[in-house]
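Spelled out from the first residue to the last, the chains are:
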Amino acid sequence: MKMDVSQDRLELDSRLTDLARVQPWIEAVADRHGVADDARFAMHLCMEEALVNVVVHGYGEEPGHSIVLSCRASEGSLFFTIDDRAPSFDPLAQAPPDVPVRAAELESMQPGGNGIRLLRRFAGSLNYERLADGNRLTIGFPVASLK
Amino acid sequence: MTISTEPMDGGITKVLLDGRLDIQGAAAIDMRMNVLAGSSKFLLIDLSNVSFLGSMGLRSIVIPAQALRRRGGKVALLGPVPMVQEVLNASNIGEIIPIFHDVDSAVACLC
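Keep in mind the model is a prediction, meaning the values are calculated, not measured.

> Looking at this model, I keep getting lost on the overall build of chain A. Mind explaining?
Looking only at helices and strands, one finds 3 helices and 5 strands in chain A. Reading chain A from its N end, one meets helices and strands in the order β-α-α-β-β-α-β-β. The buried share among the 147 residues of chain A stands at 37%. Expressed as a percentage of contacts within chain A between residues at least 6 apart in sequence, the contacts between residues at least 24 apart total 69%.

> Sorry if this is basic, but what is going on with helix H3 (residues 82-90) of chain B here?
Side chains of residues three or four places apart in an α-helix project in the same direction, reflecting 3.6 residues per turn. Residue and element names in this part refer to chain B. Within the span of H3, buried status applies to Val 84, Val 87 and Leu 88. Take H3 and look down its axis: the buried residues cluster within an arc of 100 degrees, on one side only. One or two steps after H3, the chain reaches Asn 92, where phi turns positive at roughly 55 degrees.

> Quick question: what am I supposed to make of the sheet that holds strand S2 (residues 12-21) of chain B here?
Consider a sheet: its strands pair through backbone hydrogen bonds, and that pairing is either parallel or antiparallel. Residues and elements named next belong to chain B. If you walk across this open sheet you meet the 5 strands as S1-S2-S3-S4-S5, and the pairing is mixed. Only two strands of the sheet have a single partner each, and these edge strands are strand S1 (2-7) and strand S5 (99-100). Along the sheet, helix H1 (residues 23-39) makes contact with S1, S2 and strand S3 (42-53), crossing S2 at roughly 170 degrees.

> Would you take a moment to explain the pairing of strand S3 (residues 77-84) of chain A for this structure?
Put simply, side chains in a regular strand alternate between the two faces of the sheet. All names here are of chain A. Residues Leu 78, Phe 80, Ile 82 and Asp 84 of S3 are buried on one face, while the alternating residues Ser 77, Phe 79, Thr 81 and Asp 83, pointing to the opposite face, are not. Inspection of the sheet shows strand S2 (residues 66-74) paired to S3 by 8 bridges, in the antiparallel sense. By the bridge assignment, Ser 74 is partnered in S3 with Ser 77. Here S2 folds back onto S3 in antiparallel fashion, the turn holding 2 residues, of which Glu 75 has a positive phi close to 50 degrees.

> Sorry if this is basic, but what is going on with the pairing of strand S1 (residues 9-13) of chain A here?
Residues and elements named next belong to chain A. Only one face of S1 is covered, namely the one carrying Leu 10 and Leu 12; the face carrying Arg 9, Glu 11 and Asp 13 has none of its residues buried. Note: S1 against S2, 5 bridges, orientation antiparallel. Counterpart to Leu 10 in the pairing with S2 is Leu 69.

Scoring rules and cut-offs
- Numbering of residues begins from 1 in every chain and follows the order in which that chain's sequence is written.
- Following the order in which they are written, the chains are lettered starting with A and the ligands numbered starting with 1.
- Totals for whole chains, interfaces and linings use every residue, but because this is a predicted model, local features are given only for residues with pLDDT of at least 70 and side-chain atom pairs only at 80 or more, for both listing and counting.
- Only DSSP runs of H or I covering at least 4 residues are called helices, and only runs of E covering at least 2 are called strands; the numbering of each starts at the N terminus.
- Put simply, a residue is buried when 20 or more other C-beta atoms lie within 10 Å of its own C-beta and exposed when 12 or fewer do; between those, it is partly exposed, and each C-beta is set from the backbone.
- Contacts are defined on C-beta atoms placed from the backbone: any two residues whose C-beta positions lie within 7 Å are in contact.
- The arc in question is formed by the directions pointing from the helix axis toward the C-beta atoms.
- Think of it this way: DSSP has to see at least two bridges between two strands before they count as a pair.
- Where helices are involved, their axes are fitted lines through C-alpha atoms of the stretch in contact, as for all axes, and angles between N-to-C directions lie from 0 to 180°.

Okay, structure coming up:
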């Protein structure tokens, strides 16, 4: 099936293998907005870490649930929103910003553990909202070409 | 994502990774990395052609590296590009796996 990457919206199923569809979608969004390489790297990294977290911790790796990604440009930034219907889960509460990871912990860490720290480090802004029936994480990135 | 190896002097195995070490990339190298960790003494993991590294990819390096260390072996990382280096720094990987930008220093550390 040919993927339509021209839209600012992408719906995923809650499987790690489905996350492969995110990379070309972000590339297409980044192309449309003239995003530089380092900012693209940060977008790919933050979206992968946040989505692994939704699939592994939010949905317990159970497939068949929806995750909806959307993107909008505003005030010199691109904002990516991840909406899911998983039980309440604030990823930003999982890794306090001022506690560095000890590398020796990485091998025993669940997938997604170190990811939240990377998310904090590479995102321009992060905002979590508990919705009536799910969770919304909005990740912002300053984009020079939008200013 | 591709993974290949080449033998070096001093019993070192150089592991050349090429591509994106994202979720799919990690899945593509996991088995080979685990085999290398079980069959090598010194691993020099060349990251210079890795254009992306996420936490899942990092686990594919750290878990085999720690297994090899427990067997008395050593692992070093070589030549990450700046953004990959930033991911390594943010994860404090340097605490357990030394990172080098020239082969001679890496080889001196391993042997």
